[in-house]
Amino acid sequence: MIGLYGIVGGPCTGKSTTIGVFRARGYRILEETATLIIGEQKETGGVVVPWDDFESFQRAVFHISLAKEIIVLANIHAGKYDGPVFSDRLSIGDAIGYHDEKGHPLYELVEPALRDPRNKPDAIFLMEKLPTYETDSIRWEDDEKARKLHTCLDAAHRRVAEAMGVPLVDVPYIARATSGEGAAARADFILERIAQGF
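From a predicted model like this one, the values you see are computed outputs, not experimental measurements. (Residues numbered from 1 in each chain as written. Predicted model: local features only at pLDDT ≥ 70, side-chain atom pairs only at ≥ 80, totals over all residues. Heavy atoms only, no water.)

### Quick look at the nonpolar core
Step number 1: Of all hydrophobic cores here, the largest spans 20 residues; its most connected members are Ile7, Phe22, Phe86, Phe125 and Ile190.
Step number 2: Looking at this core, the elements with two or more residues in it are strand S1 (3–8), helix H1 (15–24), strand S4 (123–127), strand S5 (168–171) and helix H7 (179–195).
Step number 3: Top contributing element to this core by residue count: H7, with 7 residues.
Step number 4: Not counting the four nearest positions on each side in its chain, Ile190 is found in contact with Ile7, Thr18, Phe22, Phe86, Phe125, Met127 and Val171. (Core = buried A, V, L, I, M, F, W, Y, C linked by side-chain atoms within 4.5 Å. Buried < 20%, exposed > 50% of the residue type's maximum accessible area, 1.4 Å probe, protein only. Helix = DSSP H or I, 4+ residues; strand = E, 2+ residues; numbered from the N terminus. Contact = heavy atoms within 4.5 Å.)

### A look at the sheet that holds S5
Step number 1: Across the sheet, which stays open at both edges, the 5 strands sit in the order S2-S3-S1-S4-S5 with parallel pairing between neighbours. Each having just a single partner strand, strand S2 (28–30) and S5 make up the two edges of the open sheet. With strand direction ignored, the average angle separating the axes of adjacent strands in the sheet is 25°.
Step number 2: For S4 and S5, the ladder comprises 4 bridges, and the chain directions are parallel. If you follow Leu126 over to S5, its bridge partner there is Asp170.
Step number 3: The strands touched by helix H6 (residues 143–164) within the sheet are S1, S4 and S5, with S4 carrying the most contacts at an inclination of about 160°.
Step number 4: Where H7 meets the sheet, it contacts S1, strand S3 (84–88), S4 and S5, and its direction lies at approximately 155° from that of S5. (Pairing = 2+ DSSP bridges. Axes fitted to C-alpha atoms, helices over the stretch in contact; angles between N-to-C directions.)

### With respect to the packing of aromatic side chains
Step number 1: Here the structure, examined in full by the defined rule, presents 8 aromatic pairs.
Step number 2: Ring geometry for Tyr5 versus Phe86: centroids 6.0 Å apart, planes at 40°, classification tilted. Of this pair, Tyr5 sits in strand S1 while Phe86 sits in strand S3, and the two are 81 residues apart along the sequence. Note on accessibility: Tyr5 and Phe86 belong to one class, buried.
Step number 3: Taking the centre distance of 5.5 Å and the plane angle of 90° together, the rings of Tyr27 and Phe86 count as edge-to-face. Of the two residues, Tyr27 sits in the loop between H1 and S2 while Phe86 sits in strand S3, which places them 59 residues apart along the sequence.
Step number 4: In this structure an aromatic cluster arises from ring pairing among Tyr5, Phe22, Tyr27, Phe86, Phe125 and Phe198.
Step number 5: Over the face of the ring belonging to Tyr81 we find Arg28, whose NZ or CZ atom lies 3.9 Å from the ring centre. (Phe/Tyr/Trp six-rings, centres within 6.5 Å; stacked < 30°, edge-to-face > 60°. Lys NZ or Arg CZ within 6 Å of the ring centre and 35° of its normal.)

### Quick word on helix H2 (residues 33–44)
Step number 1: With 12 residues, H2 should cover 16 Å at 1.5 Å per step; its first-to-last C-alpha distance of 17 Å lies within 8% of that length.
Step number 2: Within the span of H2, buried status applies to Thr33, Ala34, Ile37, Ile38 and Gln41. The buried residues of H2 occupy one face: seen down the axis, they fall within an arc of 125°. Opposite its buried face, H2 presents the exposed residues Leu36 and Glu43, each directed more than 90 degrees away.
Step number 3: In the stretch just after H2, Gly45 is the one whose phi turns positive, near 75°. (Expected span 1.5 Å × (residues − 1). Arc of directions from axis to C-beta.)

### Concerning the state of the cysteines
Step number 1: Applying the stated criterion across every chain yields a total of 0 disulfides.
Step number 2: Left without a disulfide partner, Cys12 is nearest to the cysteine sulfur of Cys152, which lies 17 Å away.
Step number 3: Judged by its relative accessible area of 10%, Cys12 is buried. (Disulfide = S-S within 2.5 Å.)

### Some details on the packing of helix H4 (residues 91–102) against H6
Step number 1: Relative to each other, H4 and H6 sit at 135°, their axes nearing to 8 Å. Between H4 and H6, the angle falls in the class oblique. The two elements H4 and H6 cross, and the hand of that crossing is right-handed. Facing Ile92, Gly93, Asp94, Ile96, Gly97, Tyr98, Asp100 and Glu101 of H4, the residues of H6 in contact are Lys145, Lys148, Leu149, Cys152, Leu153, Ala156, His157, Arg159 and Val160.
Step number 2: Here the contact of H4 with H6 is built from residues that sort into 8 nonpolar, 3 polar and 6 charged. (Parallel < 35°, antiparallel > 145°, perpendicular 65-115°, else oblique. Left-handed = near helix turned anticlockwise from the far one by under 90°. Nonpolar A, V, L, I, M, F, W, Y, C, P; charged D, E, K, R; others polar.)

Following this line, the structure appears as structure tokens:
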């Protein structure tokens, strides 16, 4: 089960809630970079947020996220971890998807990263969109934009999986009495697929 596993998808697909289940169960987590940058920029009055400076924001998210993934992959290959590492999003697919949704040319360092086999995660788990969508202080897209972004991110991560030869598993929405129970069921689904070799 040792490996780097990306939990990916558009806004309101349950990524962070499912990551929270893994965190509560004691698994190693790579935290989402974008939320950390947005929070820090809002606190300090900075402009490196997607609604003020999209390009700077996306470059920062890409580099910081990729650096964290490189560190985890190096430690996995060195035998330093004894279990799976779950990443709340993956750098390359997210960079492609967000640039596609915005209609901007792709940042020039993303394609070389895509071609570098050292950046290859062990599997990508693509989360199905939840039936309802809510905005918050970080999730700022309206429902229409969120749907478009989900479509772009879906296509982007499928492209990454094909280009890098990485298994991609679609994670369905699992209805339960509470969102927490649904997230736990999705976490169990992911763990079962890892145990089965995808």
